[in-house]
Amino acid sequence: MKDLILVRYGELALKGNNRGGFENRLLQNIRQKLAPFSGVSVRKSFGRIYVDPGDNPISPLMEAVSEVFGVVGISPAKRVEAEMQTILKAAVQLVKGQQRMPQTFKVVAKRANKAFPYNSQTINQKVGSEVLKEVAGIRVDVHDPELELRVEVRGKEAYLYGENIPGPGGLPVGTAGRVMLMLSGGIDSPVAGYLALKRGASLEAVHFHSYPFTSERSRQKVEDLTRLLTRFGGKIHLHVIPFTTIQTQIRERCKDSYQITIMRRMMVRIAERMAHIRNAPALVTGESLGQVASQTLESMSVINDVTRMPVLRPLVGMDKQEIMNIAKQIGTYETSILPYEDCCTVFQPKSPVTRPKLDLSRELESRLDMETLLEEAVHGAERISFNPDQLKKEFSYF
Ligand code: ATP
Ligand code: MG
């Protein structure tokens, strides 16, 4: 008898030609997630993925797999020889091994191997009576059982499982191409990155840093946030862009109330260039609607004016509280609330416009050494790569 983890994934997403790519990517992502555990093997068979834990305990592996996008459900399972007596023994063990002893159960058997001498109905009956005989106090409830004991006979083997732990859903990271996340040290943009990963995008990030107006610690915070996102996204490159000259020039040459608008337009221009260089066809930001001065529709449209790239805003419909809840759940919140200044807060003018005009923004901007500034910023980009294995000290499951 072998203990395994059975992984189910989203069939709805698997229409058409995408199926092979989806499955292979999911397999690869699960393997990568489990790479820190030695002796684990992951394979695919009949629309399922099975994780053989080797000598590792099951629960840390389950926890790790439950963070892989594309996974819909996970069950601890037992694999035995497809032989009736062996199946009966395993069924009783599985029921007795439940964390919380169920009061009621039903058996759902499936026979994919027609050479197996019993049909599904007979398997149901035999397994059911064995459990009733061996587990004290348990009853059958076919309508609403606490435990649905599944028995699947496939080839020479039978798989038994009960508990179904929900996975995170979404699509496997990498199946939707690459996006460039504009990552600040705040609460929102890491959550936006997480949600882009959830829809199958792989992530790179760009961060604007105004050293020495902003400290090394504020930069460290963004590096930490990137590292935390590798838990869901695998390897992530962070591009740190020197933004001091640009901010200084905006401050010297542009009207106070438009400084934030113009600063954002510069950020988007540079992010777009970085995205081109890195083959990412879209940008992602942590903007929501109406949250701060630069997040009115007028403001967004003036900022958006500098790019033709799609700008994804996964948080657009969310309240701050909802965003904070996700940040807590994914483990970025504690880092995000550290009090180090961001380049935007350092240069915050007294009263930024909430309804900037496009013409005026363009006119003010014409006073900047535009091309030189953009080129210097892109050339000054520093790339730092983060791998999930750098997370080891943070997570119990390693
Ligand atoms: P966050 O919590 O993500 O900082 P916020 O609510 O503070 O968002 P803003 O400061 O207006 O909102 O920033 C809006 C978006 O602009 C951010 O979510 C992020 O995508 C991008 N952004 C802001 N500052 C930076 C920066 N220094 N580097 C990269 N992107 C940034
Ligand atoms: Mg911010």
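About the thresholds
- Residues numbered from 1 in each chain as written.
- Chains lettered and ligands numbered in written order.
- Predicted model: local features only at pLDDT ≥ 70, side-chain atom pairs only at ≥ 80, totals over all residues.
- Heavy atoms only, no water.
- UniProt positions renumbered as here; feature names shortened; annotations may be inferred.
- Salt bridge = Lys/Arg side-chain N within 4 Å of Asp/Glu carboxyl O.
- Helix = DSSP H or I, 4+ residues; strand = E, 2+ residues; numbered from the N terminus.
- Buried < 20%, exposed > 50% of the residue type's maximum accessible area, 1.4 Å probe, protein only.
- Domains from an automatic or database assignment.
- Contact = heavy atoms within 4.5 Å.
- Buried area = accessible area lost by both parts, 1.4 Å probe.
- Polar contact = N/O pair within 3.5 Å; in protein donor to acceptor, adjacent residues only side chain to side chain.
- Nonpolar A, V, L, I, M, F, W, Y, C, P; charged D, E, K, R; others polar.
- Pairing = 2+ DSSP bridges.
- Axes fitted to C-alpha atoms, helices over the stretch in contact; angles between N-to-C directions.
- Arc of directions from axis to C-beta.

- The name given to the protein in an unreviewed UniProt entry is Probable tRNA sulfurtransferase, with the source organism recorded as Kroppenstedtia pulmonis.
- The heading Sequence similarities (unreviewed entry) in the UniProt record of the protein holds the text "Belongs to the ThiI family."

### Observations regarding the pattern of salt bridges
Next, step 1: Tallying each qualifying case throughout the model produces 26 salt bridges.
Next, step 2: For Glu 204, the salt bridge goes to Arg 178, with nearest N and O atoms at 3.5 Å. With Glu 204 in strand β11 (residues 202-209) and Arg 178 in strand β10 (residues 178-182), the pair connects residues that are 26 residues apart, well separated along the chain.
Next, step 3: Residue Glu 204 is classed as buried on the basis of its relative accessible area, which comes to 2%.
Next, step 4: A salt bridge links Asp 188 to Lys 320; its shortest N-O distance comes to 2.9 Å. Taken together, the residues span a long stretch of sequence, with Asp 188 in helix α5 (residues 188-198) and Lys 320 in helix α10 (residues 320-330) at a distance of 132 residues.
Next, step 5: Overall, the relative accessible area of 33% leaves Lys 320 in the partly exposed class.

### Some thoughts on the UniProt feature "domain: THUMP" (unreviewed entry) in the protein
Next, step 1: Those residues carrying the UniProt feature "domain: THUMP" (unreviewed entry) are residues 59-164 in this numbering.
Next, step 2: End C-alpha atoms of residues 59-164 are separated by 13 Å, and the span's content is 33% helix alongside 32% strand.

### A word on the domain arrangement of the protein
Next, step 1: Domain boundaries assigned for the protein yield domain 1 (2-166) and domain 2 (178-395).
Next, step 2: Taken over C-alpha atoms, the centre of domain 1 sits 43 Å from the centre of domain 2.
Next, step 3: Taken residue by residue, the interface counts 5 residues in domain 1 and 7 residues in domain 2.
Next, step 4: A buried area of about 580 Å², summed over both sides, lies between domain 1 and domain 2, and 60% of it is on carbon and sulfur atoms.
Next, step 5: Counting the surface domain 1 buries against domain 2, the share from its top three residues, Gln 32, Glu 67 and Phe 69, is 80%.
Next, step 6: For the pair domain 1 and domain 2, the number of links is 1 salt bridge.
Next, step 7: The residue Glu 67 makes a salt bridge to Arg 231 at a minimum N-O spacing of 2.6 Å.
Next, step 8: Here domain 1 and domain 2 share 2 residue pairs in polar contact (both at pLDDT 80 or more) between them.
Next, step 9: By residue class, the composition of the side of domain 1 that touches domain 2 is 2 nonpolar, 1 polar and 2 charged.

### Describing the sheet that holds strand β12 (residues 236-242)
Next, step 1: Pairing within the open sheet is mixed, and its 6 strands lie in the order β14-β13-β10-β11-β12-β15. A single partner strand is all that each edge strand has here, and the edge strands are β14 (311-312) and β15 (382-386).
Next, step 2: As defined by bridge partners, β11 adjoins β12 across 6 bridges and the pair is classed as parallel. Bridge pairing in β12 links Phe 208 to Ile 241.
Next, step 3: Packing of helix α8 (residues 259-277) onto the sheet brings it into contact with β10, β11, β12 and β13 (282-284), and relative to β10 it is tilted by some 150°.

### Things to note about helix α9 (residues 297-304)
Next, step 1: Here α9 has its buried residues at Ser 299, Met 300, Val 302 and Ile 303. Down the axis of α9, the buried side of the element spans an arc of 165°, and every buried residue falls inside it.

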